[in-house]
Amino acid sequence: MRSVDRFSADTEETAQRLRDGMAGGVLSFPLTSFRDDGALDLESYRAYLTAQVATAPGAVFPACGTGEFGALDEDEYREVVRASVEVADGRLPVVAGVGYGYAQALRFARIAEEAGVDALLVLPHYLVAAPQDGLVEQLRRIASGTRLPLIAYQRGPVSFTAEGVRRIAEIPTVIGLKDGHSDLDRLQRLTLAAPDGFLFFNGAATAEIQARAYATVGVPAYSSAVHAFAPEIADAFFTALRDGDDARTKALLRDFYVPLVELRDRVPGYAVSLVKAAARLRGLPVGPVRAPLTDPGPADLAALEKVLDAGLDLVGAPRLRTV
């Protein structure tokens, strides 16, 4: 089994920056700004991301699920990742999403590499289930075409076994795994199968709901969709959880996160479109979602407003943010 001292110096440097970031804050998955006509709004995206980076998340992951990777063409993707690298300006790691089959993933990987990102998150492939041999080979082929470190993302049709994790950990540039299945029995087996220093983080939808459970199997780091519209709430929860403030953790879960998840579960795609709607409620320039996602209607928007106000009141944050 590979140990972390077999990483190249550059790969290990990136992995260590991500470890440090994960220990110090939530992982930010920014929204991509669109105009009302659906066109990419790069100026607004830069302003929005500047505000996100100013809150000092552990790392920023542009053009991933929350950033509607699947709705971006290659030119738009190039602009988004390039802007992300420029805004981050070396202050924190930038990990761009790539996906689809390996041939298409490599096209995006080359764009991201040219833009200067630090690593890539390999999003679940499209539609079909695949055996472990295929999942491992997918990562091998992507790794063979880019020097960038890779983080695998298991969710939907992608699900690794302990043996699968052992095998992907032998690929010299695969440094970690984001988990979106929330099967803690299996996840515990995966963490035990991986070499020391292999990165794991909780990538469940509204990850804070399960953050305490993930921590019990050795995976305390997590991505936060809430950070995309209310970093004050996301940071307050992270701090309460880290410091063992059980009363504050429970209050945030009970009065904000659980109502948010109950609303999220009403409509497919709300894991992204509710996040964008909440950002707009705070005055952030993110615009609408692109089809096939849909923006929430008046009733759900009113319910979201109440949930958001409750969360902001809990942490003493203002309703509107300036970018």
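Relevant structure appears above.
Residues numbered from 1 in each chain as written. Predicted model: local features only at pLDDT ≥ 70, side-chain atom pairs only at ≥ 80, totals over all residues. Heavy atoms only, no water.

**Q** Hey, could you run me through the pattern of salt bridges in this one?
**A** Side-chain pairs of opposite charge can arise whenever the charged atoms involved come near each other. Under the definition given, this model contains 23 salt bridges. Asp 300 is the partner of Arg 266 in a salt bridge, and the nearest nitrogen-oxygen pair spans 2.6 Å. Here Arg 266, found in the loop between α10 (246–264) and α11 (270–281), pairs with Asp 300, found in helix α12 (residues 298–315); they are 34 residues apart in sequence, far enough to count as distant. Residue class for Arg 266 comes out exposed when judged on its relative accessible area of 52%. What makes Asp 300 buried here is its relative accessible area of 13%. (Salt bridge = Lys/Arg side-chain N within 4 Å of Asp/Glu carboxyl O. Helix = DSSP H or I, 4+ residues; strand = E, 2+ residues; numbered from the N terminus. Buried < 20%, exposed > 50% of the residue type's maximum accessible area, 1.4 Å probe, protein only.)

**Q** I tried to follow the sheet that holds strand β4 (residues 119–122) on my own but got confused; where do I start?
**A** Sheet strands line up and pair through hydrogen bonds in the backbone, either parallel or antiparallel. Spatially, five strands are ordered β3-β4-β5-β6-β7 in an open sheet, and the strand pairing comes out parallel. The sheet is open, and its two borders are formed by β3 (95–98) and β7 (199–202), each paired with just one other strand. Recorded for the sheet is a direction-independent mean angle of 25 degrees between the axes of neighbouring strands. Relative to the sheet, helix α1 (residues 9–24) contacts β3, β4, β5 (150–154), β6 (174–179) and β7, its axis offset from that of β7 by approximately 35 degrees. Lying on the sheet, helix α4 (residues 102–115) is in contact with β3 and β4; it crosses β3 at an angle near 155 degrees. (Pairing = 2+ DSSP bridges. Axes fitted to C-alpha atoms, helices over the stretch in contact; angles between N-to-C directions. Contact = heavy atoms within 4.5 Å.)

**Q** Where do I start with the sheet that holds strand β8 (residues 223–224) in this structure?
**A** With parallel pairing, the three strands of this open sheet are ordered in space as β2-β1-β8. One side of each edge strand has no neighbouring strand; the edge strands of this open sheet are β2 (59–60) and β8. Looking at chain direction, strand β1 (residues 27–28) and β2 are connected through two bridges and run parallel. When the sheet's bridge partners are listed, Ser 28 is paired in β2 with Val 60.

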